[in-house]
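# Structural description and commentary
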Amino acid sequence: MSSSDIFDVLNIQQKSKSPGSTNSPTPVASSSGTASNRAPKTQVTGMQRELYSLLGENQPPLVVQPSNKFKEKLASISKPSPWTYAPFKANLSVKLHHWVKGSKELVGEEPQESPHSKYNVHLTIPSFSREEYESFMNNAPEEQEKENSAQNDEKNANTDSKTDQDWTFEEADYLFRLCRKYDMRWFVIYDRYSSEKRRTLEDLKETFYKVCKRYFTAKSPDDALLSSLDYPKQKELERKKYLQRLLSRSAAEIAEEEALIIESRKFEMAAKKTLNERESLLRLLDSPNSDQSVSQYLSSQGISQLYGSLLSDKSKKRKHNTNVPENPWMKQQQQFAQQRQQLQQLQDRKHDGQDLASPRKTKKQKQEIQTAIKRKAESVYAEHLLKNFNQEERAALGVVTHGEKLAPGVFLRSTKVSTFKPALQNKVATILQELDLPTRPAMPTSEVMKEHEELLKGIATLVDLKKHLDKLEAEKSIVK
Amino acid sequence: MAPGVSKRIKTLSLTRPIIYGNTAKKFGEVRPPNAPAEHTHLWTIFVRGPQDEDISYLIKKVVFKLHDTYPNATRTVEAPPFELTETGWGEFEINVKIHFVDEANEKMVSFYHHLRLHPYHNVKAEPQAPNDEISSIYYDELVFNEPNEELFKILVSRPGNLLPSNKTDKCIFSKQLEQEEIDRIKIGISKVDNEIEELKAKIAKQLEN
């Protein structure tokens, strides 16, 4: 919203500096005009700009910065370096032009040799006349035979010698000419080769190398490079066949092959691992006197001896090897415990020296002795209380000196019937029922309870034995 | 509670026999006047000595906790005879709490008694009272282990542990019954022992194979 709108709304007649724009509140689209009008104000942005627009100027709500869409002009001070369109000799006959850096004076008028012409090198392929050909081809037939048999299988030897013979001088010459022409580019040669006889690429190559070899052996038989002219045609054919097969595989075949490769890798890894393990195991087993013969370990005694020595050896090793840090807290605790024990022993010794000269006893033992003594005194007291009653009277009173440590207090005797774990309790109850006996004796007197307890003990043993027997039988059946 | 400061006599225990249970009878021609309409039985629960002797020297009070549906379900009997008569139609567990005299300075003894109104046909050993009266009576012994001296004096002054030597209709719990039970249990023990021997032999055989 421009300030003029606000003025319109507020119904204020505005006196603007820029005439014409007051009546039409349309925002000025072209920034160039305003920019030229108020050049210094175009830079203001943000809050300031809003404030400016409220000042009363008929400014566009957005200040459009003029920007150049094109690449900036190169502001280079240095002079451009001169280039000259100069002629050069590409060939003996052809003359061409190209751009060369440097002024015309520097380059000169003379057509120069191309710097790349030094790479234009041709092979030197031997040439020969008919007579020469005849002579060196027939010169070493024995050698040729030998070579043939060495190079090829016997089966192919005949065919080779035959093909050798059906190459006439004309054809050989033609081949050599082509070789010269196309610089030994065999595929081109093969393509251009036109003869009444069908020749494969390998045939051409073989003949070429053979003729070359003959030629050079005739010229200089001691050349060390002669052996490099051997051409193994059969191997080459095989190689091509393999390549053909490799390239004509289907996608499925490729995938299968890859899977197989992965599988084989896995096998290799596993084998390596087991080998390593076995090695370490053997090392472990061998560690005690491995250099001695095994015969002494063949008897059972020997084996047990070996076992013992192995065990001891292992424990020794472990003691040496374990570098596990000790638990410092444990150590300290042990120390504390030791100290306490020592202190106690010291005190005990003092006491013992005073009381009785008996040998040292553990705390528990002493406690037991003490309670026994106390109990004896108590029972003596109880007996003393009852000394006026004879056996029958005691029975009438229901007085018993049991001399045992039982929880003091009153209880019903029937509540003291032994109970077992729930599962066992059920079994015991069943057996009691089978015996026609109640789980709670009808008259829980001390006599009856004694008998009842014995019965329950017996039943518990019975149940236990039954369980054992069942287990044994089950094991038997499994073994069978 | 009296301040029971007296010492307990260690390694000594005193025993008193006690009988508890209930009798029940169907309403005959005469219904108790204030019995609710659905009630069918008149029953009595009791705690007493084996020969109905006085046990108030030992027992101060007996608290019967009846089923919650009874009004004032907790009934306390503070004087002998320690028994309670009620009417009802169903069986339930009654919680019986025996409180002892203050001198004894003992905690109460609490146990449950199943109120029986109907006869069980499979139980033969149960004594059948005449006139279709159902009874479910148990014998038990209160064992005072390490009683204090006062209780000891009280109990010693009243010999009460002796049972009648022979069964009578009035009191079936006797030396005779005790002996019979011991004999029964002894037979059971011998049977169990026999079975144990057999099993041992079997196990030995199994182990041999």
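How each quantity is defined
- Residues numbered from 1 in each chain as written.
- Chains lettered and ligands numbered in written order.
- Predicted model: local features only at pLDDT ≥ 70, side-chain atom pairs only at ≥ 80, totals over all residues.
- Helix = DSSP H or I, 4+ residues; strand = E, 2+ residues; numbered from the N terminus.
- Buried ≥ 20, exposed ≤ 12 C-beta atoms within 10 Å, placed from the backbone.
- Contact = placed C-beta atoms within 7 Å.
- Expected span 1.5 Å × (residues − 1).
- Axes fitted to C-alpha atoms, helices over the stretch in contact; angles between N-to-C directions.
- Parallel < 35°, antiparallel > 145°, perpendicular 65-115°, else oblique.
- Left-handed = near helix turned anticlockwise from the far one by under 90°.
- Nonpolar A, V, L, I, M, F, W, Y, C, P; charged D, E, K, R; others polar.
- Pairing = 2+ DSSP bridges.

### Remarks on the overall build of chain A
In terms of helices and strands, chain A carries 18 helices and five strands. Across the 480 residues in chain A, those meeting the buried criterion constitute 9%. Looking at chain A alone, contacts between residues at least 24 apart form 49% of all its contacts between residues at least 6 apart.

### Some words on helix 17 (residues 422-434) of chain A
Given a rise of 1.5 Å per residue, 13 residues ought to cover 18 Å, and the 19 Å separating the end C-alpha atoms of helix 17 of chain A matches this to within 8%. A:Asp436, located one to two residues past helix 17 of chain A, shows a positive phi value of around 65 degrees.

### Re the packing of helix 18 (residues 446-479) of chain A against helix 2 (residues 175-208) of chain B
One can describe the packing of helix 18 of chain A onto helix 2 of chain B by two numbers: an axis separation of 9 Å at closest approach and a directional angle of 20 degrees. The orientation of helix 18 of chain A relative to helix 2 of chain B falls into the category roughly parallel. At the point where helix 18 of chain A passes helix 2 of chain B, the crossing takes the left-handed sense. For the contact of helix 18 of chain A with helix 2 of chain B, the per-class residue count stands at 14 nonpolar, six polar and 13 charged.

### Observations concerning helix 18 of chain A
When the terminal C-alpha atoms of helix 18 of chain A are compared, their 50 Å separation across 34 residues agrees well with the 50 Å that a helix rising 1.5 Å per residue should span. All of the buried residues in helix 18 of chain A are A:Val448, A:Met449, A:His452, A:Leu455, A:Leu456, A:Ile459 and A:Leu462. Looking at the buried positions of helix 18 of chain A, the neighbouring elements they touch are helix 17 of chain A together with helix 2 of chain B.

### Observations regarding the sheet that holds strand 1 (residues 83-89) of chain A
Residue and element names in this part refer to chain A. Taking strand neighbours across the sheet as the criterion, the three strands line up as 2-1-3 in an open arrangement whose pairing is mixed. Two strands lie at the open edges of the sheet, namely strand 2 (95-101) and strand 3 (112-113), each paired on one side alone. Direction of pairing for strand 1 relative to strand 2: antiparallel, over a ladder of seven bridges. Residue pairing in the sheet places Lys89 in a bridge with Lys95 of strand 2.

By themselves, these figures tell us nothing about what the structure is for.
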